[in-house]
Each structure stands twice: as structure tokens, then as C-alpha cells.
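Each chain is listed here by its residues.
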Amino acid sequence: MARIASDALIGRLADWGVDTVFGLPGDGINGIMEGLRRNQDKVRFVLVHHEEAAAFMATGYAKATGKIGACLATSGPGGIHLLNGLYDAKLDHMPVLAITGMQETSILGTGYQQEVALDKLYQDVAEYDQMIYNPVQLPAIVDIAIRTAYARRGVAHITVPNDIQVADADADPWQHLAPAAAPKTAAVRLSPPGRPDDEDLQRLADFLNEGNKIAILAGAGALHAREELLTLAETLAAPIVKTLPGKAAVPDDSPYTTGGIGLLGTKPSEELMEEIDTLFLVGTNFPYTKHLPGGARVAQIEADPARAGARLATEVPVVGDAREGLGGLLPLLKRRSDTAFLDKYQKQMAAWRKKMASLENPSRDPIAPQYLMSLVNSAAADDAILTCDSGTIATWAARHWTIRGDRQFYLSGNLATMAPGLPYAIGIQHAFPGRQVIAFVGDGGFAMLMAEFLTAIQHELPVKIVINNNNALGQILWEQMILGYPEHGVRYQGPFVDYSAFATANGAYGVKVRQPGDLPGAIRQALSHDGPALVDVDVNPDEPPMPGKVEYEQAKKFAEAFIKGQPHKSTIATTLFKDKIQQLRS
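So, here's what we can say about the structure. (Residues numbered from 1 in each chain as written. Predicted model: local features only at pLDDT ≥ 70, side-chain atom pairs only at ≥ 80, totals over all residues. Heavy atoms only, no water.)

Details of the overall build of the chain
Part 1: For the chain, the count of helices and strands is 23 helices and 18 strands.
Part 2: At 25 Å, the chain has a C-alpha radius of gyration in line with the 25 Å of a compact globule built from 586 residues.
Part 3: Dimensions of the chain, computed from C-alpha atoms along their principal axes, come out at roughly 80 × 65 × 45 Å.
Part 4: With 586 residues in all, the chain has 56% of them scored as buried.
Part 5: For the chain, restricting intrachain contacts to residue pairs at least 6 apart in sequence, the fraction spanning at least 24 positions comes to 75%.
Part 6: Accessible surface, the chain as shown: approximately 23800 Å² in total, 53% of it carbon and sulfur.
Part 7: Positive and negative side-chain charges of the chain, numbering 53 and 66 respectively, have mean locations separated by a distance of 7 Å. (Helix = DSSP H or I, 4+ residues; strand = E, 2+ residues; numbered from the N terminus. Rg over C-alpha atoms; globule rule 2.2 N^0.38 Å. Buried < 20%, exposed > 50% of the residue type's maximum accessible area, 1.4 Å probe, protein only. Contact = heavy atoms within 4.5 Å. Areas by Shrake-Rupley, 256 points an atom, 1.4 Å probe, with all protein chains shown as cover. Lys, Arg positive; Asp, Glu negative; His and termini not counted. Charge placed at Lys NZ, Arg CZ, Asp CG, Glu CD.)

The following block contains the structure:
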């Protein structure tokens, strides 16, 4: 067969180590699909049910592997559908390549069917964004796109007109007027220097050695620096606070961590931030500055120079990789013998863990979502990967999913979009076929992209889906109340949907749980099932995801919502009363 431009495209993806492309075919990419068919021994195509999910799968794949994720959509509406998942990659700084189709070059600009200027549409989301006009641009454009996605940790986009896709791979139909030949590049890249300059490390060491009450805030950029973080905390006698995307940076049972920060964080972390005089940011660009100290001195290790010092006035910003930077820093630090500050927060954290455990009550009816998450946590493997949707489920996962062993945790950090949990799990299961991958999702998010559970069934992926079903958009409900408004338009009409029937009707394991006594067995059975499994659990819709430390204004607004006519105030009050009693008993 004659070699077409799409062969050059797919072949170059393989040269870069791309082994999986998630997507949905269409007439705008038939030539690229032919390239995938011809090269299926090098690059596999995963057929999904919605392009948004394909982009989420690519993003989840990139988050879990550190390798570029790839997704494919047809021209017009297919390319538009990719955008939400691509913005998730952009905001969480993940390398993702999006490939889209385009109408053939002879009719561009005529208003032809599905003609959407995707290269213009993608200008904001993409770090690199290019239409192919000549077959010989490939594969050099692929090289530049992937190299840029890695270097700038973001989205690259290539759109290929229909006629170019099937043209001779070596066709060069136009006269060259510029003093340049057709581009010829190689599928290679250089990683930026990871170790900061010695002078910067010494300044950072001097700064930290001067600190008294020090806290370390670790984010997703420090996920690969666990041992260095723990050694740092031991050396400085400093607690480690974790952002939610950085939850797996250190184990949750470590004596050096006070857990999360922010509305989903812990009370010890909140109080710690009010007391410290020195804050050291490691691999994080944490945006919620209300939860950061206003008067502390600040230092930072950040991989991107543009983000160093972007949130707080930072005395010592250091550019470099978290692990390599900490590796160079540790020998320069003075070991502290006074551990009184650390000891104080270790005691507070022990009390916090008891309070959280007290809410994991098996006798509560309706089922407490904290109990559901605790059972998943207990039954899951020590190297399990948990994906999570945005919403109240993120609170339950943050507080009741314990990082131990090689466990990982992924969610939409900065975009905080609904529905990525299930496609993340599918993308990650493709990357790690031998690992246990669990998606903890809400009924609202699952309903958005539930057809992707069919993708898991059809590809025989053993992903496990646990639905925290409160028949509501729970996070929005509580956000309305915290602003002082009675809830409105956030609960679905009853009865609760039975999503397990969807699973069993299509040949997968599915079970509906309504009673707390049935839950432990259902979770164990699902996690041990050899294939895709879904557990749909009706939980208490009136369980509030309370902040670790409730502020006066928050309590005041909550009370105002009650006074103004909150429709479910009696059941919410009863739930809050039961929560408080259990915490006091702990």
C-alpha cells in the first residue's frame, strides 16, 4: 500500500512512545482511522462513547504515567466535545495531545457542513496549536507538538484536513519560495534541568534554618518526592500539609502529616497555618490563598518559573524539580532537636483521625457516605489507584481514603469538573492493567458519562465503580446554604436511580445497596470480581461535608439558610446532631 500522511502521523506517535489513542471516529478523520488500522501493531485505538471522555482518559493516563496522553476526535462537533477534558489537562498541567479532523482544504471558508475552525477554537486551551497544510509537515509537527506539551506541561493540538490525511506521505505539491526545506526533525526531547542552582539551594537552606515554626505544603509536583519530603519533615521537625491533588505525596498515617488543607482539609492543618512563621511550598501552586498564612515568611520550590511566587509574597523562590531540589537541599539543613511544635500537631492529628473514624458508623440509616468510603478504603489493595469526581465525594475521599503503600489518588484539581472519575479510571486501567483501579463517583457525575462504563465492559477492563448516590448535586446544595440561601434546584425527584441495573443488563457485575448491613459484602464482592463491577449505594443526602474548622461567618450563613426556609432543615439538623454525638464519643 502507498504510504499516506496518516501513516506518517501515527508512525511518529509510536516513535514518541505513544501506545494508546482514545477517541471516537467520524467522517472528518477517516484517513487518520485508516492510519491507525494500518499501524495497530504500534498504536492501539480505544473506541469510547463520548469525545469528552476520550480527553479525560488521555488526561488520566498522563496524570498516572507522566507520559503524554493522546485523544482523537472528528471535525466540528467531535473536536468541540474534547474541550472540557482538555481544559482539565491545561489547568492541572498535564501533557496531552489532541488530534482532530478538518474539512478538506479546497472547501475551507465556504461554510461547509461541520466547518468549525478548531485551530482558532483551541487557541486558549493549547500550548501548541497547528493545522496541517502540506503532508511533508508531518511528522515534524508531531515532534514539535509533543515536545511542547512535555516542556510546557499542557495541551498540544494538531488538526488535519481530510484530503491531507490520505495524501501521499511524501507529497510536497507547492513551490518552495522561502529559504528553507521541508522540516525534518527527530522524536527526541530534553528534560529541563531538575536540580536548582547551588546558590539558590544555599539561600533556601539558610532561610529554612532561620525558621522557627515551619510547615511544608506539598502538592502534585511532589508526588514523586515522598522519601525526600519525609526526610525534610524529620530534619526540620516540620509538619507536612497536603493539597488534594498532592494527597499521595506522603502516607496519610505518617507522623509528619496533618493531612489536607482548605474546605476539604483538616482542622489541624487550618490551625497550623494560623500559627506558623515559615511556610515552604514544594511542588504546588495552591490557589485558595484564604487558607494560607498572611504573615509567615515563604519559600518555594517550583518547576515553572512563571508560577514561582504566584500566590504569596515569596522571599526565596527556587526553580527546579521537587525531588532533585530537595535532594540537593537536605545536606545543607541543620537538624532540629526541638520537636515541640511537631509534637503538638501530631497530637491534634491523632484526635482528628479519631473524629473521622467516629463518622464511619455502620449503624447509620440512611448510609453515611463516610462509612461507604471507609469500606472501600479497608478492602482496597495497598497499590490501588482511586479516581474521584468533583463534589461531596471529593470530601469523603480526601478524609477517608488512606494513602498507604503505593496507593495513588487522582481527581480534577483546578478545573474541578464533574464526571472525570469514570474515564480517568478507564485511561489509567489501560496504562496499568495489573493494578486495582477504583472510581469513586457521585450519581450526578456518573449520569453525565455513564455510557463509558460500556467502554470498560467492551474492552474487558476490570475497573470498579462505586457510586455515592444521594440523588442530588450535593456540593452545590451545600454551597448554596453556605452563602445563606435555601437550596433550590439541586435535588432530583425520587426515587433514587438504580444504576446497578445498567451494569447487569450489559453483562457486568452490578449491585444496588440501600441498607448499611448489605454494604460490606457488596464492596468486597465487587473489588474481588474478575472484571468490571459497579456498586450503586444510596447514601444520606443530608450529610453535610463540613469544613475542618467552621468559621463564624460560615455558621452564620448556614443558619440564615435555615431561617429563610431551607426545605430539608430537620433532616440536616438531625444528621449534624448525630455527627456531633459520634465525634464527642470518640
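Alright, that's what it looks like, and here's the rest.
Quick notes on the pattern of salt bridges
Part 1: Throughout the structure, instances matching the rule amount to 28 salt bridges.
Part 2: Two residues, K549 and E274, come together in a salt bridge whose shortest N-O distance is 3.1 Å. Of this pair, K549 sits in the loop between β18 (533-538) and α22 (552-563) while E274 sits in helix α11 (residues 267-275), placing them 275 residues apart in sequence.
Part 3: Note on K549: relative accessible area 28%, which makes it partly exposed. (Salt bridge = Lys/Arg side-chain N within 4 Å of Asp/Glu carboxyl O.)

Digging into the sheet that holds strand β13 (residues 385-388)
Part 1: Overall, parallel pairing links the six strands, which are arranged β14-β13-β15-β16-β18-β17 in an open sheet. In this open sheet, the two edge strands, each paired with only one partner strand, are β14 (408-411) and β17 (509-513). Recorded for the sheet is a direction-independent mean angle of 15° between the axes of neighbouring strands.
Part 2: Sheet topology note: the strand β16 (residues 464-469)/β18 ladder contains six bridges and is parallel. Within the sheet, the bridge partner assigned to I467 lies in β18 and is D536.
Part 3: Together, β13, β14, β15 (437-442) and β16 form the strand contacts of helix α16 (residues 421-431), whose direction differs from that of β15 by roughly 170°. (Pairing = 2+ DSSP bridges. Axes fitted to C-alpha atoms, helices over the stretch in contact; angles between N-to-C directions.)

Some words on the pairing of strand β7 (residues 214-218)
Part 1: Burial runs high along β7: five of the five residues are buried.
Part 2: Burial of the side chains of β7 extends over both faces: I214, I216 and A218 are buried on one face and A215 and L217 on the other.
Part 3: The sheet contact formed by β7 and strand β10 (residues 278-282) spans five bridges and is parallel. Across the sheet, the residue bridging to I216 is F280, located in β10.
Part 4: Of the pairings in the sheet, the one linking β7 to strand β8 (residues 240-242) comprises three bridges and is parallel in character. When the sheet's bridge partners are listed, L217 is paired in β8 with V241.
Part 5: Assessed by its sense of winding, the connection that carries the chain from β7 through helix α10 (residues 226-236) to β8 is right-handed. (Right-handed = clockwise from strand over helix to strand, strands pointing away.)

As for the pairing of β16
Part 1: Burial of β16 is extensive: six of the six residues sit out of reach of the surface.
Part 2: Burial of β16 is two-sided: the residues K464, V466 and N468 facing one way and the residues I465, I467 and N469 facing the other way are all buried.
Part 3: Taken together, the five bridges between β15 and β16 define a ladder with parallel strand orientation. Residue V441 lies in a different strand from β16, and its bridge partner there is I467.

Describing the sheet that holds β10
Part 1: If you walk across this open sheet you meet the six strands as β9-β8-β7-β10-β11-β12, and the pairing is parallel. Lying at the two open borders of the sheet, with one neighbouring strand each, are β9 (257-260) and β12 (316-319). Pairs of neighbouring strands in the sheet enclose a mean axial angle of 15°, with direction left out of account.
Part 2: Sheet topology note: the strand β11 (residues 297-302)/β12 ladder contains four bridges and is parallel. Note that in β12 the partner of A299 across the bridge is V316.

Re the packing of helix α9 (residues 198-210) against helix α12 (residues 322-329)
Helix packing for two helices is described by the angle between their axes and how far apart those axes are.
Part 1: α12 packs onto α9 with a crossing angle of 70° between their chain directions and a minimal axis gap of 9 Å. Relative to α12, the element α9 is oriented roughly perpendicular. The way α9 lies across α12 gives a crossing that is right-handed. Touching L201, L204, A205 and L208 of α9 are G325, G328 and L329, all from α12. (Parallel < 35°, antiparallel > 145°, perpendicular 65-115°, else oblique. Left-handed = near helix turned anticlockwise from the far one by under 90°.)

Digging into the side chain of T74
Part 1: Along the chain, T74 turns up in the loop between β3 (69-73) and α4 (77-81).
Part 2: In this structure the side chain of T74 is engaged in a polar contact, spanning 2.9 Å, whose partner is the backbone nitrogen of G28.
Part 3: Discounting chain neighbours no more than four positions away, the residues touching T74 are L24, G26, D27, G28, I29, G79, T100, G101 and L118. (Polar contact = N/O pair within 3.5 Å; in protein donor to acceptor, adjacent residues only side chain to side chain.)

Concerning helix α7 (residues 140-152)
Part 1: Between its terminal C-alpha atoms α7 stretches 18 Å, which fits the 18 Å expected from 13 residues at 1.5 Å a residue.
Part 2: Where α7 is concerned, the buried positions are A140, I141, V142, D143, A145, I146, T148, A149 and Y150.
Part 3: Where α7 is buried, its residues contact α1 (5-15), β4 (96-102), β5 (126-131) and β6 (155-161).
Part 4: Within two residues after α7, R153 carries a phi angle of roughly 45°, on the positive side. (Expected span 1.5 Å × (residues − 1).)

Focus: the side chain of Q165
Part 1: Mapped onto the elements of the fold, Q165 is located in helix α8 (residues 162-165).
Part 2: The exposure class of Q165 is buried, given its relative accessible area of 0%.
Part 3: A polar atom in the side chain of Q165 sits 3.1 Å from the backbone nitrogen of G31.

Comments concerning a nonpolar patch on the surface
Part 1: Among the surface-exposed residues, I482, L483 and Y485 lie close enough to one another that they form a single nonpolar patch of about 290 Å² accessible area.
Part 2: Tracing the backbone shows I482 in helix α19 (residues 474-482). (Patch = residues over 30% accessible without salt bridge, like charges linked within 9 Å, V, L, I, M, F, W, Y side chains within 5 Å.)

These values are about where atoms sit, not about what they do.
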